[in-house]
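Working through the structure, step by step
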Amino acid sequence: DVLYAHRGDTLTPEILDKKAYIAHFWDSRCDVPCEPTLKGLADVAYAVSKYKHFRILSHNTQPSDISEMWQIARRQTNRPAWHFVWGDTAQMSRLADDYGLMERSFVFGNNPREVALIDREGMIRGYYDPSDSLGYLNLVHDIVHLLKR
């Protein structure tokens, strides 16, 4: 499956090679509910910015919305490790299911606040709500733990 990045290029598997990352899914129809999650992810990106082997992937089905969300994220953080990617609805649904987020009430149009943390070997390490202070702290702690191993 090919994913397209916010800069217009394709996302290659090498960008995640031996890196821990957050899988985040959002929908164009999300407005106010997405803002706390986006802010939490920006805070996470800042907190772990010294680690080169970490990425955030924010997935969507609408390429036109990627640019707007990218600009919002850029105002919050200037971290190159945050990638906004898009693909068709079937592809995004498959990926969300692979990350275990479909069973956690994720469907496009319903935006759960949870994200999945994936380790360097591609294994899901947990689910977190970065908009919640305890979820944010646990997520940052676990990312640092994964990256120091």
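Before any of the text, the structure's been laid out above.
Residues numbered from 1 in each chain as written. Predicted model: local features only at pLDDT ≥ 70, side-chain atom pairs only at ≥ 80, totals over all residues. Heavy atoms only, no water.

For the rest of this paragraph, the subject is helix α1 (residues 34-47). In this model α1 runs 20 Å from its N-terminal to its C-terminal C-alpha over 14 residues, within 8% of the 20 Å that 1.5 Å per residue would give. For α1, the complete set of buried residues consists of C34, T37, L38, G40, L41, A42, V44 and A45. (Helix = DSSP H or I, 4+ residues; strand = E, 2+ residues; numbered from the N terminus. Expected span 1.5 Å × (residues − 1). Buried < 20%, exposed > 50% of the residue type's maximum accessible area, 1.4 Å probe, protein only.)

Further remarks concern the pairing of strand β6 (residues 115-118). Residues in a regular strand point their side chains to alternate faces of the sheet. Of the two faces of β6, the one lined by V115 and L117 and the one lined by A116 and I118 are each fully buried. Where strand β3 (residues 20-25) meets β6, 3 bridges bridge the pair, whose relative direction is antiparallel. For I22, the partnering residue across the bridge sits in β6 and is L117. Judged from the 4 bridges that link them, β6 and strand β7 (residues 124-128) form a sheet pairing that is antiparallel. The residue bridging V115 from the neighbouring strand is Y128, located in β7. From the end of β6 to the start of β7, which pair antiparallel, there are 5 residues, and G122 there has a positive phi angle of about 85°. (Pairing = 2+ DSSP bridges.)

Each full turn of the α-helix corresponds to 3.6 residues, which orients residues three or four apart in the same direction. The end-to-end C-alpha distance of helix α4 (residues 133-148), which contains 16 residues, comes to 23 Å, matching closely the 22 Å that a straight helix rising 1.5 Å per residue would cover. Along α4, the positions that sit buried rather than exposed are G135, L139, V140, I143, V144, L146 and L147. An end-on view of α4 places all buried positions within 160° of arc, on one side of the element. Away from its buried face, by an angle of more than 90 degrees, α4 presents the exposed residues S133, L134, L137, H141 and K148. On its buried side, α4 packs onto β3, α1, β4 (54-60), β6 and β7. (Arc of directions from axis to C-beta. Contact = heavy atoms within 4.5 Å.)

Turning our eyes to something else, we now look at the environment of G135. As for its placement among the helices and strands, G135 is situated in helix α4. In contact with G135, other than residues within four places in its own chain, are Y128 and D129.

Here we come to the environment of V144. Within the secondary structure, V144 sits in helix α4. Spatially, the C-alpha atoms of V144 and F54 are 9.6 Å apart, while their sequence positions differ by 90 residues. If near-sequence neighbours (up to four positions away) are discounted, V144 is found in contact with V48 and Y51.

Moving on, we get to the pattern of salt bridges. Evaluation of the coordinates by the stated rule reveals 2 salt bridges. A salt bridge links D43 to K39; the nearest nitrogen and oxygen atoms lie 2.9 Å apart. Pair noted here: D43 and K39 are both in helix α1, with a separation of 4 residues, about one helical turn. Owing to a relative accessible area of 28%, D43 belongs among the partly exposed residues under this scheme. Between R125 and D119 there is a salt bridge, with the nearest N and O atoms lying 3.1 Å from each other. Classification of R125 as partly exposed rests on a relative accessible area of 39%. For D119, a relative accessible area of 4% puts it in the buried group. (Salt bridge = Lys/Arg side-chain N within 4 Å of Asp/Glu carboxyl O.)

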